[in-house]
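Here is how the chains run, residue by residue.
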Amino acid sequence: MSGRLIYLDNAATSFPKPREVLDRMLQGYIELGVSPGRGSYDQALEAEDVVHGARKKLAIFFGAPDADRIIFAANATDALNIAFNGLLRPGDHVISTRLEHNSVLRPLYHFREMGWISYDLVHFDGKGFVDPGEIARNIKPNTRMVIVTHASNVLGSVQPVEEIGRVCSERGIPLIIDASQSAGKIPIDMTAWNVSAVAFTGHKALLGPTGIGGLAVRPDLDIKPSRFGGTGVDSRSPIHTVTFPHRLEAGTLNLIGIMGLSAGIDYIMHKGIESIHREEMALLKRLRDGLAGLEHVEMYCAGDLSGHVAVLTANVNGVSPEDAGAILDGDFNIAVRVGLHCAPLVHEDIGTINRGAVRFSPGIFNTPEDIDQAIRAMASMS
Ligand SMILES: Cc1ncc(COP(=O)(O)O)c(C=O)c1O
């Protein structure tokens, strides 16, 4: 269908990107498209400064104590793999939740299938939240890590990370959070919350391009390198660089991606993360209230949207999510994500594993009119 696209799939990736992000990337490629940290000419040094500046910005953004422990990776999945590979050892036990995305579930499953680890997945309650006490009850002498998604990509519920951090720090167990759905939407303070590492992805609410993400690591968390190669440092040594940030990075960095991510963070800081959250939640509440008036629409964990980010999942009675998505797209030019959203256990627990659901995720460029059109589209399916 032609006409303006109403994009309500920001939980998959944010679109469009702020003009400032695109401009910074284009200008970066024109003026500074060289390899950072690999040469002694002016542009290479300047590129390295850009990378270090981005590390500093991200450290402030996440409340991380040391900018050199902001590790760049391709995305959150990549960052989580770096953490799992660098921390888990045979015999370890891991605690996670049934809210997780496959970027956590599949590595854990893989390590268990290899016979290396065991894990327990904590349930969430009827509103979409895990109980920190339940995490405490699952701790064993060999528990090596707790890994929790900060905000569910299906329900939007924000987990009580601060309380979970308290439980973990009292027992000396590292807490890692998957901030894919929270970074850029709500503040994160890993130091205040006793979080040992934050995995982030650049292309969602951080408003950057795809292909850039990373891991913010607290200095007391010893993650071993699991990828080895050139770092531009100490090239004579056959051993991968042991010092941060190179310890967990290998190969040429995604300079232009880092520039775009850095511009995305500038945009968020300028607009104010609280104000972004307020505006997005006003749109989400408008959607929830509109859909609540439709008898043929069922929503999941959306009764009380406090403690949520702007993600809402629903179904239309008698219409498959695929058909609903096709009507939204074909008749109303609305983009949503249907299916299981790479989080099968959430769908098992809300009773939608066999059919999936329709996910709406407004972003900073949506308007109340976009939401009203989505409500009209859902109303048309009665
Ligand atoms: C909760 C959650 N974790 C991890 C990811 C993976 O992000 P990426 O594909 O950018 O690695 C996503 C993306 O959909 C997500 O929603």
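On a predicted model such as this, the values are computed, not experimentally measured, just so you know.

A few words on the pairing of strand β2 (residues 70-73). Along β2, one buried face is formed by I70 and F72 and the opposite face, lined by I71 and A73, is buried too. Bridge count between β2 and strand β8 (residues 213-217): four bridges; the pairing is antiparallel. Bridge assignment links I71 to a residue of β8, and that residue is L215.

It is worth spelling out the packing of helix α3 (residues 76-87) against helix α4 (residues 102-113) at this point. The interhelical angle for the contact between α3 and α4, taken along N-to-C directions, is 30°, at an axis separation of 10 Å. The two elements α3 and α4 cross, and the hand of that crossing is right-handed. Here α3 contributes T77, L80, N81, F84 and N85 to the contact with α4, which in turn contributes S103, V104, P107, L108 and F111. When grouped by side-chain class, the residues that make up the contact of α3 with α4 number six nonpolar, four polar and no charged.

Here we come to the side chain of Q181. Mapped onto the secondary structure, Q181 falls in the loop between β6 (175-178) and β7 (197-201). Taking relative accessible area as the criterion, Q181 reaches 5% and is therefore assigned buried. A polar atom in the side chain of Q181 sits 2.9 Å from the backbone oxygen of A11. Sequence-distant contacts of Q181, that is, excluding residues within four places in its chain, are made with A11, A151, N153, K204, V309 and V311.

Our focus in this paragraph is the domain arrangement of the chain. Split into domains, the chain comes out as domain 1 (6-17 + 272-379) and domain 2 (19-270). Put simply, the middle of domain 1 and the middle of domain 2, counted by C-alpha atoms, are 27 Å apart. Taken together, the contact pairs 35 residues of domain 1 with 39 residues of domain 2. Between domain 1 and domain 2, the buried area comes to about 3000 Å², and carbon and sulfur atoms account for 58% of it. Among the residues domain 1 hides against domain 2, the three largest losses belong to K17, I273 and V309. Together they make up 21% of the total. Remark: the boundary between domain 1 and domain 2 carries three salt bridges. As a salt-bridge pair, E280 and K185 come within 2.8 Å of each other at their nearest N and O atoms. Remark: the boundary between domain 1 and domain 2 carries 22 residue pairs in polar contact (both at pLDDT 80 or more). Secondary structure elements with two or more residues in the side of domain 1 that touches domain 2: α8 (273-292) and α10 (344-350). For the side of domain 1 that touches domain 2, the leading source of residues is α10, giving seven residues. Tallied by class, residues from the side of domain 1 that touches domain 2 come to 18 nonpolar, eleven polar and six charged.

Basis of the calculations
- Residues numbered from 1 in each chain as written.
- Predicted model: local features only at pLDDT ≥ 70, side-chain atom pairs only at ≥ 80, totals over all residues.
- Heavy atoms only, no water.
- Buried < 20%, exposed > 50% of the residue type's maximum accessible area, 1.4 Å probe, protein only.
- Helix = DSSP H or I, 4+ residues; strand = E, 2+ residues; numbered from the N terminus.
- Pairing = 2+ DSSP bridges.
- Axes fitted to C-alpha atoms, helices over the stretch in contact; angles between N-to-C directions.
- Left-handed = near helix turned anticlockwise from the far one by under 90°.
- Contact = heavy atoms within 4.5 Å.
- Nonpolar A, V, L, I, M, F, W, Y, C, P; charged D, E, K, R; others polar.
- Polar contact = N/O pair within 3.5 Å; in protein donor to acceptor, adjacent residues only side chain to side chain.
- Domains from an automatic or database assignment.
- Buried area = accessible area lost by both parts, 1.4 Å probe.
- Salt bridge = Lys/Arg side-chain N within 4 Å of Asp/Glu carboxyl O.

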